[in-house]
Amino acid sequence: MSSETTRSPLVLAISWGHMDVEDLGVGKDFKLYPSGGRPWDWSETGTRHSPGVQPDDVLELLAHGATTVVLSRGMQLQLQVDPRTLRLLEERGVTVYVAETTEAVQIYNDLATSGTAVAGLFHSTC
């Protein structure tokens, strides 16, 4: 497999409630990982703004080979990150970045472009 086919897809554009992702199209929230991604449906794991990103939200990212994870907190930093999620990632030796969504996209795209096995969870509203 070439590095191009395993590279994480780039976020081409981000604005309130709108993301355009390379090879995946347009949506609101996304799970992105090496070689792909999909829309992020919070109801799958019971994610809410508080306590935030759940451990189960990141397991799929790790299953796709991510060694670095970027977690966005929303455009207004309303999405929290459950401390259990950070513990899980730390226990697995995963590098983690937590940031406001536009900053998270920049970090993620820089890592993806550099060839890092990066994954991300992106929330494009509050």
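Refer to the structure printed above.
Only a predicted model underlies this, so the values are computations on that prediction, with no experimental measurement involved.

Novice: Whenever I open this one, the environment of Asp56 confuses me. Can you help?
Specialist: Following the sequence through the fold, Asp56 ends up in helix α2 (residues 55-63). Linking Asp56 and Gly46, residues ten residues apart in sequence, is a C-alpha distance of 9.4 Å. Excluding its chain neighbours within four sequence positions, the residues that come into contact with Asp56 are Lys31 and Thr45.

Novice: Hey, could you run me through the nonpolar core in this one?
Specialist: Inside soluble globular proteins, nonpolar side chains tend to come together where they are buried. Of all hydrophobic cores here, the largest spans 17 residues; its most connected members are Val53, Val58, Leu61, Val69, Leu71, Leu89 and Leu121. Residue assignment for this core shows that the elements contributing at least two residues are α2, β6 (68-72), α3 (83-91) and β8 (118-123). Residue contributions to this core peak at three residues, all from α2. Beyond its immediate stretch of four places on either side in the chain, Val69 contacts Leu61, Leu62, Leu89, Val94, Thr95, Val96, Tyr97 and Ala119. If you look at the next biggest cluster of nonpolar residues, it comprises 14 residues, including Val21, Val105, Ala112 and Val118.

Basis of the calculations
- Per chain, residues are indexed from 1 in the order of the written sequence.
- Only residues with pLDDT of at least 70 are given local features in this predicted model, and only at 80 or more are side-chain atom pairs given and counted; all residues enter the totals for whole chains, interfaces and linings.
- Excluding hydrogens and water, the side-chain values take into account all heavy atoms of the structure.
- Comment: elements are numbered from the N terminus, with helices defined as DSSP H or I runs of at least four residues and strands as E runs of at least two.
- Contacts are assigned to residue pairs that have any heavy atoms within 4.5 Å of one another.
- Throughout this description, the term nonpolar core refers to a set of buried Ala, Val, Leu, Ile, Met, Phe, Trp, Tyr and Cys residues connected via side-chain atoms within 4.5 Å.
- Burial here depends on accessible area, computed with a 1.4 Å probe over protein chains only, as a share of the maximum for the residue type. Under 20% is buried, over 50% is exposed, and the range in between is partly exposed.

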